[in-house]
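# Tertiary structure, described
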Amino acid sequence: MMYKKPTAVSWPIWKFVLLVLLLQAIFTFLAWLDRSFFNNALPTVVDILAGSGVSLFALWQRWVWKRFNGVRLRLLVWIGNVFVSFYLSGLLLVGAMRKWSFLAGEPWSWFVNGALLIAFVGMWLLPLFSFTSAKRIHKFQWKISGFAVGLSGTAGILGALFGMFSSRHGEKGAVIFVLGILLSLLSIGFAQHAGYESWINRPYAKENANAKS
Amino acid sequence: MPKKMRMQRVDVYPSSVVLSRCVLCNRIVKNREFWVSTAVDFAVSVAVGVAAAAVVGMFVTATTPLWMAVAATAVVGIGIGYFLDAFEIPKQLKQLFGGEAK
């Protein structure tokens, strides 16, 4: 069976280095903005690590591609994919949790963030326990995407207008509230999508399915 | 029998006078500050929207559900828009184009 070359491997090295530098620049810029927003040094480290995580993933794919082949290669590439999906969804979750911590305060933020964490882990592990439910939720995600297409052109503009006018009128709380909702939805949705995709693309999945049928 | 109807005197003003007395026109239509402010806000928001879509487009793959891409674009747009205004970029642009910033 032909195995598709990962993007991180098929790209020339200059393109790869450019991408890594660009990602680092974006995440460092976000870290700088984030720090001025929340006045907290810890997220800066997390944001800079975010760029490093994606770079690490790409390096892993290249390293694995040169040294392994066959089933081992498929397994190691799959591990890399799961790692980067988990990493990115985790970053979204951390973003959402920080927004709710800011809004809800010490006792209540534990409940909200606890529920978010349980939903996040549950969505990642759902295919293991009930593949049918995971498939149904994944289909639902695509169904609601039909409605979202109508907003695709204007989402960025509406977001920018909301951000600008909130800043102008000193409504920092409103921005954090909306970002909290959007990031919570994104982290849970992405966790479900990545968990489902990782499960159906796991090594031996097709062989097992054929053997059973 | 009603009294004899008398013609009422009606003042007719030239259009320039009418326009100069129109409050709505003076506040909005002929107000350069309003137009510069509106145009700058609109242009900045469109530019930010395009930039947000470009940033999200780098990370979105064909298998990602579209609603996530739309929500992520909105998140990035809110973030960039908030910080642009916090650093008074639209205000500086308005001053640059001749509209007095609020």
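Per chain, the residues get numbers from 1 upward, laid out in the order the sequence is written. Think of it this way: whatever chain is written first is A, whatever ligand is written first is 1, and the rest follow in order. A pLDDT threshold of at least 70 governs which residues receive local features in this predicted model, and a stricter bar of 80 or more applies before side-chain atom pairs are shown or counted, although totals over entire chains, interfaces and linings include all residues.

On to the overall build of chain A. The way it works is that DSSP assigns letters per residue, a run of H or I at least four long becomes a helix, a run of E at least two long becomes a strand, and they are numbered from the N terminus. Scanning chain A for helices and strands turns up eight helices and zero strands. Reading the helices (α) and strands (β) of chain A from amino to carboxyl end gives α-α-α-α-α-α-α-α. Each of the 213 residues in chain A was classed as buried or not, and the buried ones make up 27%. Within chain A, residue pairs in contact and separated by at least 24 positions form 67% of the contacts whose partners lie at least 6 positions apart. As a rule, residues whose C-beta atom has 12 or fewer other C-beta atoms within 10 Å are exposed, those with 20 or more are buried, and those in between are partly exposed; C-beta atoms are placed from the backbone. For the purpose of contact definition, each residue receives a C-beta atom placed from its backbone, and two residues are in contact when these atoms lie within 7 Å.

Let us now look at the overall build of chain B. Each helix and strand in chain B was counted, giving five helices and zero strands. When its helices and strands are written in sequence order, chain B yields α-α-α-α-α. A total of 102 residues make up chain B; the buried ones form 30% of that total. Here the contacts in chain B between residues at least 6 apart in sequence split such that 67% fall between residues at least 24 apart.

All names here are of chain B. Along the chain, Leu93 falls in helix 5 (residues 89-96). Sequence spacing of Leu93 and Ala47 is 46 residues, and the spatial spacing of their C-alpha atoms is 13 Å. Among residues more than four places away in sequence, those in contact with Leu93 are Val40 and Val44.

A common measure of how large an interface is: the accessible area buried when the components associate. With 31 residues of chain B at the contact, the number on the chain A side is 33 residues. Of all the secondary-structure elements, those providing two or more residues to the side of chain B that touches chain A are helix 3 (32-59) and helix 4 (66-86) of chain B. The biggest single contributor to the side of chain B that touches chain A is helix 4 of chain B, with 19 residues.

Inspection of the secondary structure puts Ala71(B) in helix 4. The exposure class assigned to Ala71(B) is buried, which follows from the 23 C-beta atoms found within 10 Å. Separated by 15 residues in sequence, Ala71(B) and Val56(B) have C-alpha atoms that sit 9.7 Å apart. Dropping the residues within four chain positions of it, Ala71(B) is found in contact with Leu182(A), Leu185(A) and Leu186(A).

For our purposes the nonpolar core covers buried Ala, Val, Leu, Ile, Met, Phe, Trp, Tyr and Cys residues that link as a set through C-beta atoms within 7 Å. Counting residues in each nonpolar core, the largest one holds 46 residues, and the members touching the most others are Leu186(A), Ala71(B), Ala72(B) and Val75(B). Of all the secondary-structure elements, those providing two or more residues to this core are helix 4 (70-104), helix 5 (106-129), helix 6 (131-168) and helix 7 (172-200) of chain A together with helix 3 and helix 4 of chain B. In terms of residues, this core owes the most to one element, helix 4 of chain B, which gives 13 residues. Once you skip the residues sitting within four places of it in the chain, Val75(B) turns out to touch Gly159(A), Leu179(A), Leu182(A) and Leu183(A).

Okay, unusual backbone geometry next. Residues and elements named next belong to chain B. Of note, Glu88 is a non-glycine position whose phi angle comes to about 60°, a positive value. Mapped onto the elements, Glu88 comes out in the loop between helix 4 and helix 5. A count of 14 C-beta atoms within 10 Å places Glu88 in the partly exposed class.

On to the confidence of the model for chain B. Residue and element names in this part refer to chain B. Scored from 0 to 100, pLDDT records how confident the predictor is in each individual residue. Predicted confidence across chain B gives a mean pLDDT of 80, with 79% of residues reaching 70 or more. Within chain B, no element has a lower average pLDDT than helix 2 (residues 23-29), which sits at 68, and none a higher one than helix 4, at 88. Interface confidence for the predicted complex, given as ipTM, is 0.77, next to a pTM of 0.78.

As a further point, take the packing of helix 3 of chain B against helix 5 of chain B. Between two packed helices, the angle of one axis relative to the other and the distance separating the axes together describe the packing. Residue and element names in this part refer to chain B. At a closest axis distance of 9 Å, the pairing of helix 3 and helix 5 adopts a crossing angle of 135°. As summarised for this structure, helix 3 and helix 5 are arranged oblique, according to the angle between their axes. Crossing of helix 3 against helix 5: the hand is right-handed. Of the residues in helix 5, those in contact with Val36, Ser37, Val40, Asp41 and Val44 of helix 3 are Pro90, Leu93 and Lys94. All axes are obtained by fitting lines to C-alpha atoms, using only the stretch in contact for helices, and the reported angles, taken between N-to-C directions, cover 0 to 180 degrees. Our angle categories are set so that under 35 degrees counts as roughly parallel, over 145 as roughly antiparallel, 65 to 115 as roughly perpendicular, and the remainder as oblique. The handedness criterion is simple: a crossing whose near helix is rotated anticlockwise from the far helix by less than a right angle is left-handed, and one whose near helix is rotated clockwise is right-handed.

Because each turn of an α-helix spans 3.6 residues, side chains separated by three or four positions end up pointing in the same direction. For a helix, the expected span equals 1.5 Å multiplied by the number of residues minus one. End to end, helix 4 of chain B covers 30 Å across 21 residues, agreeing with the expected 30 Å (1.5 Å per residue, within 8%). One or two residues past the end of helix 4 of chain B sits Glu88(B), with phi positive at roughly 60°.

We now examine the packing of helix 3 of chain B against helix 4 of chain B. All names here are of chain B. Between helix 3 and helix 4, whose axes approach to 8 Å, the crossing angle comes to 130°. As the angle between them shows, helix 3 and helix 4 are arranged oblique. Where helix 3 crosses over helix 4, the handedness of that crossing is right-handed. Judged by residue contacts, Val44, Ser45, Val48, Gly49, Ala51, Ala52, Ala53, Val55 and Val56 of helix 3 engage Ala69, Ala72, Thr73, Val76, Gly77, Ile80, Gly81 and Leu84 from helix 4.

What follows deals with the environment of Val175(A). Inspection of the secondary structure puts Val175(A) in helix 7. Along the primary structure Val175(A) and Ser89(A) are separated by 86 residues, whereas in three dimensions their C-alpha atoms are 21 Å apart. Dropping the residues within four chain positions of it, Val175(A) is found in contact with Gly163(A), Ser166(A), Ile78(B) and Tyr82(B).

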